[in-house]
Amino acid sequence: IDEETYAIIMADIAAFENREVSVVSSDGKTTNMYPADVGVVKFLQAMFAFMTSHYDDAYAYMNEVEEIAPDYVWLYGYDLGIIEAQANDIKRAKEIAQRMIDVNVENSEGYCVYSIAERLMGNYEKSLTWAENGLKYAPSDTELLRLKAISLLCLDRTDEAKKAFLTKIAATIFLVLVLVA
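Residues numbered from 1 in each chain as written. Predicted model: local features only at pLDDT ≥ 70, side-chain atom pairs only at ≥ 80, totals over all residues. Heavy atoms only, no water.

Participant: Can you walk me through the packing of helix α1 (residues 3-14) against helix α2 (residues 38-51) in this structure?
Facilitator: Helix-helix packing: each pair is described by the crossing angle between the helix axes and the interaxial distance. Remark: α1 packs on α2, axes separated minimally by 9 Å, with the N-to-C direction vectors making an angle of 155°. In terms of their interaxial angle, α1 and α2 are classed as roughly antiparallel. Of the two elements, α1 crosses α2, and the hand of that crossing is right-handed. Facing Tyr6, Ile9, Met10, Ile13 and Ala14 of α1, the residues of α2 in contact are Val41, Leu44, Gln45, Phe48 and Ala49. For the contact of α1 with α2, the residue count by class is 9 nonpolar, 1 polar and no charged. (Axes fitted to C-alpha atoms, helices over the stretch in contact; angles between N-to-C directions. Helix = DSSP H or I, 4+ residues; strand = E, 2+ residues; numbered from the N terminus. Parallel < 35°, antiparallel > 145°, perpendicular 65-115°, else oblique. Left-handed = near helix turned anticlockwise from the far one by under 90°. Contact = heavy atoms within 4.5 Å. Nonpolar A, V, L, I, M, F, W, Y, C, P; charged D, E, K, R; others polar.)

Right under this line is the structure:
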């Protein structure tokens, strides 16, 4: 996508402000309509920037969302937490993860961010603990199952890792069968 097209689409997204948009839950089970206030619009711009490899723009928009609408942590938290963890700002990633969990203790994405952040620091036991804590609320969450398996591999617990990976595969197949049915 060329820069002119990118700018036009970003302007089109900005035009959504004060209109309703549908938001699909991360598990794909529910869709809700929300007024597209400036926080939602900035989030949509961040996602488009990311999808078109404008990573600096995506990061800037995510930070704007956090500043404008901190209560939308459920919307932007996972993406911003992962970006921060990958940029080696582990403290910030963990702060975002904690806010996600504080807003909704059952939010699996907060546990994912914590698990990833701890693994990147070499804290494999803590990484495993965060994945397992999240699985208490979302036992078939494929990302948490994957993170659990990776943590187990890092701890040289190969047999347990294989079982976790097989559980993830089974959960994925079940999800596909449910979606196809």
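Participant: Which parts of the structure should I look at to understand the nonpolar core?
Facilitator: Taken as a class, soluble globular proteins show a tendency for nonpolar side chains to be buried jointly. Ranked by size, the top nonpolar core spans 23 residues in total, and within it Met10, Val40, Phe43, Met62, Tyr72 and Tyr76 carry the most contacts. Among the secondary structure elements, those contributing two or more residues to this core are α1, α2, α3 (55-68), α4 (73-86) and α5 (90-103). Per-element accounting of this core gives the leading share, 6 residues, to α2. (Core = buried A, V, L, I, M, F, W, Y, C linked by side-chain atoms within 4.5 Å. Buried < 20%, exposed > 50% of the residue type's maximum accessible area, 1.4 Å probe, protein only.)

Participant: Hey, could you run me through the pattern of salt bridges in this one?
Facilitator: For the structure on display, the rule yields 9 salt bridges. Close ionic contact of arginine 92 with glutamate 66 constitutes a salt bridge, the shortest N to O distance being 2.5 Å. With arginine 92 in helix α5 and glutamate 66 in helix α3, this residue pair connects regions lying 26 residues apart in the sequence. Since its relative accessible area comes to 12%, glutamate 66 is described here as buried. Here arginine 99 ties to glutamate 66 by a salt bridge, and the two come within 2.8 Å at their closest N and O atoms. Taken together, the residues span a long stretch of sequence, with arginine 99 in helix α5 and glutamate 66 in helix α3 at a distance of 33 residues. In the salt-bridge network here, residues are joined through shared partners; they are Glu66, Glu84, Arg92 and Arg99. (Salt bridge = Lys/Arg side-chain N within 4 Å of Asp/Glu carboxyl O.)

Participant: Teacher, can you tell me more about a negative patch on the surface here?
Facilitator: There is a patch of like negative charges on the surface, built from Asp2, Glu3, Glu4, Asp56 and Asp57. If you list the elements that add at least two residues to the negative patch, you get α1 and α3. Note on placement: glutamate 4 falls in helix α1. Exposure remark for glutamate 4: the relative accessible area of 59% places this residue in the exposed category. (Patch = residues over 30% accessible without salt bridge, like charges linked within 9 Å, V, L, I, M, F, W, Y side chains within 5 Å. Areas by Shrake-Rupley, 256 points an atom, 1.4 Å probe, with all protein chains shown as cover. Lys, Arg positive; Asp, Glu negative; His and termini not counted. Charge placed at Lys NZ, Arg CZ, Asp CG, Glu CD.)

Participant: Looking at this structure, I do not really get a nonpolar patch on the surface. What am I missing?
Facilitator: A contiguous nonpolar patch, built from Phe50, Met51 and Tyr55 and spanning about 370 Å² of accessible area, is present on the exposed surface. Tracing the chain through its elements places tyrosine 55 in helix α3.

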